[in-house]
Amino acid sequence: MMTQITGCPSAVEHIRQSVAYADGQWVGEVDDVRIRSVFQPIYSLVHSRMVGVEGLIRCADTQGQVIPPLEMLARADREESKAVHLDRLCRYLHLNNLRVHVPEAYWLFMNVSARTVIAGKNYGTYFAELLHCLDFPAHRVVIEILEDNIRDEQLLASAVEYYRELGCIIAIDDFGAGNSNFNRVWQISPDIVKLDRSLVVRAKTDGRTWRALPSLVEMLRESGCLVLMEGIETEQEAVIAVKSGVDMVQGYYFARPSLRAEPCRPVPEAMRHIQGQFIEATRHAAIHLGSRLKPYVESFQFVLDRLRAGYPFEASVAELMGLPLVSRSYMLDHEGVQHLESVSGQASSENGRFDILTRGAGADWSTRSYYRRAIQSPGQVQITTPYLSVADADICITLSIADTLNGQVRVVCCDLRWEEL
């Protein structure tokens, strides 16, 4: 049993009156509702081990009827003083129960409503004193800011700065849902961003989300944040997390919330398994793509043979344009400038909405990866990853190859409609 806290400031003492040690854990009570802590592990993918836990609450009334946490929070939210009291009580329980049941030096992630933080100033200081009373290092606390409906950026920044000055780590929760956006990331400058479960769910059925996730993660990292994907419930979702390149994961696939933060399966083996699944899926995808692209690459290489033999560009690409997934073909000079109009293929867009962008003569493509890679490796066919074509706003991949024709360097390019591959 934990030693009783004495000599603490009044705000902490006030919360302690709602807390008791029973059945091997600290529990709280608010309006005849019993509240206890559970912890869900958070794992580093590269380390294949637990690095933190998120403190969550479980609630039940006097008859043992379970009350969903969100319902409990909604009840308290109707009255400011009750919302502040419940928020403080939860933090008290999490810190004390963590010391008893998860004694190793992990991070403790805790949800904190920015609205409650702001209102809490009217009820005396609390969290700094609580950390002091428990001798708990602030750098082991990760504050997950729940932005609620706060529209005032200055108030939100003030709430964040309070915890940052204490020495806590700052996280934005549920990124990709609700109010979370890059403006908030740049405004708050969090240490960690937690991706909302809706993103991984959407990635399972939406190819664009699947393709965009790695870029989203990279953008967040370039903004100075570690990235955590929460809500991982299946092996497929775990593989998506690996593919997206996140730093940390959390969810039922790895561990359900429990008092002692116990994993569902041996963590190193689970990590090795999903890494292996990702590698195998990537290998199969590469084989499939190579098989599908083979006739296009062969026809594309034949274009270069025709150009070397002196045929005009449009005649040289005629056979290539007859393949079903070809959108267009075009040629660039040594500086990446297109002089002739593109030749359209069977898969070119016919909706007319982007006709103004389809005229390519005079366009400068020198910043595009397919041009740069071709120039760096003359005579070798280059294949891009999928991207949005500015010519018709369709997802495509581009084949490109550089060669010297009539004494001048030229880069031949061909766009293929990706979603058909």
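In this text, all values refer to a predicted model and were calculated from it rather than measured experimentally.

Participant: Teacher, can you tell me more about the packing of helix 10 (residues 235-244) against helix 11 (residues 267-308) here?
Facilitator: Two measures define how a pair of helices packs: the angle their axes make with one another and the distance between the axes. Taken N-terminus to C-terminus, the directions of helix 10 and helix 11 make an angle of 75 degrees; their axes are 9 Å apart at the nearest point. It follows from the interaxial angle that helix 10 and helix 11 lie roughly perpendicular. Residues Glu235, Ala238, Val239, Val242 and Lys243 of helix 10 pack against His273, Ile274, Gln275, Gln277 and Phe278 of helix 11. Classifying every residue of the contact of helix 10 with helix 11 by side-chain character gives five nonpolar, three polar and two charged.

Participant: How do you make sense of the side chain of Asp247 when you look at a structure like this?
Facilitator: Turning to its location among the elements, Asp247 is positioned in the loop between helix 10 and strand 11 (248-249). For Asp247, a relative accessible area of 19% corresponds to the buried category. In terms of polar contacts, Asp247 uses its side chain to reach the side chain of Arg221, at 2.7 Å. Ignoring sequence-local partners within four residues, the contact set of Asp247 consists of Tyr43, Ser44, Leu45, Arg221, Leu226 and Val227.

Participant: Help me understand the environment of Thr367 in this model?
Facilitator: Within the secondary structure, Thr367 is located in the loop between helix 14 (355-358) and helix 15 (369-376). The class for Thr367 is exposed, based on a relative accessible area of 56%. Spatially, the C-alpha atom of Thr367 lies 9.9 Å from that of Glu335, the residues being 32 residues apart in sequence.

Participant: Could you clarify how one ought to interpret helix 6 (residues 153-166) in this entry?
Facilitator: Side chains that are three or four residues apart share a direction in an α-helix, a result of its 3.6 residues per turn. Helix length check: helix 6 (14 residues) gives 20 Å between terminal C-alpha atoms against 20 Å at 1.5 Å per residue, within 8%. Looking only at helix 6, the buried set comprises Leu156, Ala159, Val160 and Tyr163. With its buried residues spanning 90 degrees around the axis, helix 6 presents them on a single face. Of the exposed residues in helix 6, those oriented more than 90 degrees away from the buried face are Gln154 and Glu165. Positioned one or two residues after helix 6, Gly167 has a phi angle of 105 degrees, which is positive.

Participant: I would appreciate a short explanation of the pattern of salt bridges in the present structure.
Facilitator: Working definition: two side chains of opposite charge can pair if their charged atoms are close together. For the structure on display, the rule yields 18 salt bridges. Here Glu71 ties to Arg75 by a salt bridge, and the two come within 2.9 Å at their closest N and O atoms. Of this pair, Glu71 and Arg75 both sit in helix 2 (residues 69-77), four residues apart, which is roughly one turn of that helix. A salt bridge links Arg221 to Asp247; the shortest N-O distance between them is 2.7 Å. Remark: Asp247 occurs in the loop between helix 10 and strand 11 and Arg221 occurs in helix 9 (residues 207-222); sequence separation between them is 26 residues. Judged by its relative accessible area of 33%, Arg221 is partly exposed. Each of the salt bridges in this network shares a partner with another, and the network as a whole consists of Glu54, Glu144, Lys194 and Glu230.

Cut-offs applied
- Residues numbered from 1 in each chain as written.
- Predicted model: local features only at pLDDT ≥ 70, side-chain atom pairs only at ≥ 80, totals over all residues.
- Heavy atoms only, no water.
- Axes fitted to C-alpha atoms, helices over the stretch in contact; angles between N-to-C directions.
- Helix = DSSP H or I, 4+ residues; strand = E, 2+ residues; numbered from the N terminus.
- Parallel < 35°, antiparallel > 145°, perpendicular 65-115°, else oblique.
- Contact = heavy atoms within 4.5 Å.
- Nonpolar A, V, L, I, M, F, W, Y, C, P; charged D, E, K, R; others polar.
- Buried < 20%, exposed > 50% of the residue type's maximum accessible area, 1.4 Å probe, protein only.
- Polar contact = N/O pair within 3.5 Å; in protein donor to acceptor, adjacent residues only side chain to side chain.
- Expected span 1.5 Å × (residues − 1).
- Arc of directions from axis to C-beta.
- Salt bridge = Lys/Arg side-chain N within 4 Å of Asp/Glu carboxyl O.

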